[in-house]
Amino acid sequence: MGHGLRCLRMPEPLREALGRGFLGVRVCGEESSVTNRAVELARDCVAVVAVGDYVCRSFVELGYVPAVCVVDGVTRRALVQPLVGNRFNYVYECVNPRSHICLNAVEALREAILASTTGSKTLLLVKGEEDLLALTALVEVPDGWCVVYGIPSCGVEVVTVDSYVRFAAQKILELFEEVELERPPELERLLKVGTT
């Protein structure tokens with residue numbers, strides 16, 4: 001194949017700023033009250049993309065299955081078993097190293113969102129780290145959708161997407177650097193598998 005993994009790399013100084021959240025409603029506090037409030041807010045959205053194992057799991061446990069759940073490999077075996085089954089119609093996989101947003105992950109997220117616009121529920125399993133894919137989701141989802149993701153030492157942020165949010169997320173992504181990483185061997189397998 002010879003081609004590397006095409007990605008955008010986050011400039012390190014951005015990490016702290018992005019970790020504070022700034023585009024939506026921040027819900028901070030004790031775990032269960034945060035989740036309850038986030039689900040309450042989410043009910044006003046056209047559909048929800050939940051990013052992160054914690055957000056996805058807590059939403060599902062409260063009986064709200066997001067249109068798209070994006071989870072990483074850290075707890076994925078323990079997480080996925082109870083999640084799949086009758087809750088998600090499609091499962092996609094991708095590779096996305098920490099501090100990067102890689103093209104294969106963007107494409108998988110696009111497909112997951114597309115599948116969900118017709119009412120399907122989709123689980124996206126990320127080998128690596130999923131948190132920056134929240135930015136991609138802000139650019140990719142239709143107006144009125146919400147993106148929910150964790151905010152370190154706070155709780156979660158619920159962002160309702162409109163043209164302003166999309167523009168702001170796009171501007172942040174323009175600060176990322178285009179890089180080509182060595183293509184990890186497991187990517188070959190994932191590219192062949194596609195949906196499961």
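See the structure above.
Residues numbered from 1 in each chain as written. Predicted model: local features only at pLDDT ≥ 70, side-chain atom pairs only at ≥ 80, totals over all residues. Heavy atoms only, no water.

Novice: Would you mind going over the sheet that holds strand β9 (residues 155-160) with me for this structure?
Specialist: Within a sheet, adjacent strands bond to each other through the backbone by hydrogen bonds, running parallel or antiparallel. Spatially, 7 strands are ordered β2-β9-β8-β3-β4-β7-β5 in an open sheet, and the strand pairing comes out mixed. On the outer flanks of this sheet lie β2 (25-28) and β5 (90-96), each paired with one strand and no other. Geometrically, the sheet is characterised by an average inter-axis angle of 20° between neighbouring strands, direction not taken into account. As paired strands, strand β3 (residues 48-51) and strand β8 (residues 146-151) are joined by 4 bridges and run parallel to one another. Note that in β8 the partner of Val-49 across the bridge is Val-147. (Pairing = 2+ DSSP bridges. Helix = DSSP H or I, 4+ residues; strand = E, 2+ residues; numbered from the N terminus. Axes fitted to C-alpha atoms, helices over the stretch in contact; angles between N-to-C directions.)

Novice: Explanation requested: the state of the cysteines in the structure shown.
Specialist: Under the definition given, this model contains 3 disulfides. Cys-28 shares a disulfide with Cys-154; S-S distance 1.9 Å. Sign of the S-S torsion, about -90° for the bond between Cys-28 and Cys-154, identifies this disulfide as left-handed. Here Cys-154 lies in the loop between β8 and β9 and Cys-28 lies in strand β2, a separation of 126 residues in the sequence. (Disulfide = S-S within 2.5 Å.)

Novice: In this structure, what is going on with the environment of Ile-172? I would like to understand it.
Specialist: Position of Ile-172 among the secondary structure elements: in helix α7 (residues 163-173). In this structure, the C-alpha to C-alpha distance between Ile-172 and Leu-14, residues 158 residues apart in sequence, is 8.9 Å. Residues in contact with Ile-172, not counting those within four places in the same chain, are Leu-14, Leu-18, Phe-22 and Leu-135. (Contact = heavy atoms within 4.5 Å.)

Novice: I'm lost on the packing of helix α6 (residues 133-140) against α7 in this one. Help?
Specialist: How two helices pack is summed up by the angle between their axes together with the distance between the axes. Running from amino to carboxyl end, α6 crosses α7 at an angle of 135°, the nearest separation of the two axes being 8 Å. On the basis of the axis angle, α6 is oblique to α7. Of the two elements, α6 crosses α7, and the hand of that crossing is left-handed. Between α6, through Leu-135, Leu-138 and Val-139, and α7, the contact on the second element is made entirely by Val-165, Arg-166, Ala-169, Gln-170, Ile-172 and Leu-173. (Parallel < 35°, antiparallel > 145°, perpendicular 65-115°, else oblique. Left-handed = near helix turned anticlockwise from the far one by under 90°.)

Novice: I would appreciate a short explanation of the pairing of strand β4 (residues 68-72) in the present structure.
Specialist: In summary, the side chains of a regular strand alternate between the two faces of the sheet. Counting buried residues along β4, 5 of its 5 residues qualify, which places the element largely inside the surrounding structure. Residues Val-68, Val-70 and Asp-72 line one face of β4 and the alternating positions Cys-69 and Val-71 line the opposite face, and both faces are buried. As defined by bridge partners, β3 adjoins β4 across 3 bridges and the pair is classed as parallel. Looking at β4, one finds that Val-49 is bridged to Val-68. (Buried < 20%, exposed > 50% of the residue type's maximum accessible area, 1.4 Å probe, protein only.)

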